[in-house]
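Examination of the molecular architecture
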Amino acid sequence: PPPPPPPPPNFSSRSRNTRLCKLSRGLGDVYKRQGPRFRGDSVPTGEGIIVDMSGMDQVLRMDRRNKVAMVEPGVTFLRLTEEAERVGLKVLMPLLPPLGKSVISSYLEREPTQIPKYHWDMTDPMLCTELVFGTGELFRTGSAAGPGTLEQQWSVGGAQCNPLGPGQSDMMRIVQGSQGTMGAVTWASVKLEVKPTLHRIYFVTNNKLSRLVDFSYRVLRRKLCDEFLILNAQAMGTVLANGSQNAADLAGKQAPYTLIYGVSGYEYLPEERVVYQERDLAEIAQATGVEAVKEIPDCSANKMESILSAPSLDAYYKLRPKGAFLDIFFLTTLDRAQSFIDVMERVAEKHNYPGEEVGVYLQPIQQGRTVHAEFTLYYDPDDKDETNRAKKLFKDASKALSDEGAFFSRPYGPWADLAYGKCPDTVQVLTKAKNILDPDGVLNRGKLCFKEVA
């Protein structure tokens, strides 16, 4: 028999036994464990090696005092939620992530979380990291860089909370959002929040998005709510559907737009905290001509609370309507959201795609200063004509939205040309950084503005 393969290299200087991944030239076993990929950022362009880090699945540390967890790349949101709840903490989670979604990969790609008041900076909720650059060099960012080892820092109360450093460097900002073209993260410390002892969900529905925008700005400015997001009828039906429920039928019962928000009380005087928030929110609702309710068709507050606090426990929720989908998402401001919706509807009409079947998800981030706007195109992958129509609409709508001013901060696939074509100076700077951190161009070739292919 052939000799056994050599053990994988140890990228960690810590004394603990870091279980690094196996290297695979195929996608098969990775896809079976974690499901299909939807954006193509983790699939090599041309030939390449895929590093499967799902076996690195340890929650290395849970610090309730500092509200910080240290996790490896294979830790999913479901796993981290279970560990956090044991110590009374809450995970800052995107809306219904896939069951096998890695916490680190989600935060690296800056997927929006549901609680804008806890989102201060675009890097949140990721803090310190351990990186391996394309040169093979190990690097730690933020306060994890030292002085001292991690164990020595822990012994004096350090918790790897500060993402800036070492010194005045901020290498995490270069790696984050780079789709793996700058380095690989072997662990990260991430920000958590205290789990509420009292939590209530409310709905605000309206036919006009403008009224919800007015309500949103007044609420977000005062940081009254925890969860805060807006869905149109199609997106709401998709979120609610499960099992035998039909997303289209549920969507038909919903208002054109639904705003969902949560209010929370914590360890001290939870009732009093919730009461004053509810009173202030009711006054804002009255001033803006809307009303908050505890139930909408086919969904109670308790049901929505369970939806928002967990990943998609079955197939990814966007697969429910027709079996496949395409997402178009970008950053803008909330007051401009309606203009982008109008653009999307005009382009959809040209492609004979019903505008009411386009899912719209608006997620305020950075305490409401910015909003993640997302359009979802659902289609039947077994219908060739419908598939081609959705793909053409995706391409044309992306271009039209970009021309309108949409900022593609996560430029996957064809969006790279839209984003970087307008910023040659950015391309020049990123190319210099790439040549320093990955001079041989071995990391995820062909992504972003780096077009080298093996």
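Refer to the preceding data block for the structure.
Definitions and limits used
- Residues numbered from 1 in each chain as written.
- Predicted model: local features only at pLDDT ≥ 70, side-chain atom pairs only at ≥ 80, totals over all residues.
- Heavy atoms only, no water.
- Helix = DSSP H or I, 4+ residues; strand = E, 2+ residues; numbered from the N terminus.
- Rg over C-alpha atoms; globule rule 2.2 N^0.38 Å.
- Buried < 20%, exposed > 50% of the residue type's maximum accessible area, 1.4 Å probe, protein only.
- Contact = heavy atoms within 4.5 Å.
- Areas by Shrake-Rupley, 256 points an atom, 1.4 Å probe, with all protein chains shown as cover.
- Lys, Arg positive; Asp, Glu negative; His and termini not counted.
- Charge placed at Lys NZ, Arg CZ, Asp CG, Glu CD.
- Core = buried A, V, L, I, M, F, W, Y, C linked by side-chain atoms within 4.5 Å.
- Expected span 1.5 Å × (residues − 1).
- Arc of directions from axis to C-beta.
- 1 Å grid on protein atoms, 1.4 Å probe; cavity = no way out; pocket = protein on both sides within 12 Å on 5 of 7 lines; lining within 4 Å.
- Points joined across faces, edges and corners; volume = space filled by probe spheres on them.
- Nonpolar A, V, L, I, M, F, W, Y, C, P; charged D, E, K, R; others polar.
- Phe/Tyr/Trp six-rings, centres within 6.5 Å; stacked < 30°, edge-to-face > 60°.

Looking only at helices and strands, one finds 14 helices and 17 strands in the chain. Over its C-alpha trace the chain gives a radius of gyration of 22 Å, about what one expects of a compact globule, namely 22 Å for 454 residues. In terms of overall dimensions, the chain has a C-alpha envelope of 65 × 60 × 50 Å along the principal axes. Per-residue burial for the chain yields a buried fraction of 52% across its 454 residues. Partitioning the intrachain contacts of the chain with sequence separation of at least 6 by distance along the chain shows that 72% fall at a separation of at least 24. Carbon and sulfur atoms make up 53% of the accessible area of the chain, which amounts to about 20800 Å² in all. When the 55 basic and 55 acidic side-chain charges of the chain are each reduced to a single mean position, those positions are 2 Å apart.

Another aspect to go through is the nonpolar core. If you look at the biggest cluster of nonpolar residues, it comprises 79 residues, and the most contacted ones within it are F215, Y261 and M304. Here the element with the most residues in this core is helix 11 (residues 337-350); it accounts for 7 residues. Look past the residues within four positions of F215 in its chain and what remains in contact with it is V204, F228, L259, Y261, L281, I284, A285, T288 and V290. In terms of nonpolar packing, the next biggest core, distinct from the first, is built from 36 residues, V71, L192, A416 and L448 among them.

The first and last C-alpha atoms of helix 6 (residues 209-221) sit 18 Å apart over 13 residues, in line with the 18 Å expected at 1.5 Å per residue. Turning to helix 6, its buried residues number three or more, namely L209, L212, V213, F215, S216, V219 and L220. Buried residues of helix 6, viewed axially, fall in a sector of 165°; they line one side. Exposed and facing more than 90 degrees away from the buried side of helix 6 are S210 and R221. Lining the buried residues of helix 6 we find strand 9 (198-206), strand 10 (228-232), strand 11 (257-265), helix 9 (270-288), helix 11 and strand 16 (359-365). Phi turns positive one or two residues past the end of helix 6, at K223, with a value near 55°.

Relative to the assigned elements, A251 resides in helix 8 (residues 247-252). Note: C-alpha distance between A251 and E130 (121 residues apart in sequence) is 44 Å. Sequence-distant contacts of A251, that is, excluding residues within four places in its chain, are made with A233, Q234 and G237.

Enumeration according to the criterion identifies 4 cavities of 30 Å³ or more in this entry. Here the lining of the largest cavity is built from residues that sort into 7 nonpolar, 4 polar and 4 charged. As for the second largest cavity, its lining consists of 13 residues, and the residues nearest its centre are A235, Y317, K318, T376 and Y378. Elements with a minimum of two residues in the lining of the second largest cavity: helix 7 (233-240), strand 16 and strand 17 (370-379). Residues of the lining of the second largest cavity, tallied by class, amount to 8 nonpolar, 3 polar and 2 charged.

In the structure shown here, the tally under the stated rule is 14 aromatic pairs. Relative to Y107, the ring of F77 has its centre 5.9 Å away and its plane inclined at 75°; by these criteria the two rings are edge-to-face. Residue F77 is located in helix 2 (residues 77-86), and its partner Y107 is located in helix 3 (residues 103-108); the two are separated by 30 residues in the primary sequence. Exposure class is identical for F77 and Y107. Each is buried. Plain terms: the ring middles of F330 and F340 are 5.0 Å apart, the flat faces sit at 55° to each other, and that makes the pair tilted. One end of the pair, F330, is in strand 15 (residues 324-332); the other, F340, is in helix 11, with 10 residues separating them in the sequence. Taken together through their ring pairs, the aromatic side chains of F329, F330, F340, F375, F394, F408, Y412 and W415 make up a single cluster.

In short, shape yes, function no, at least from these values alone.
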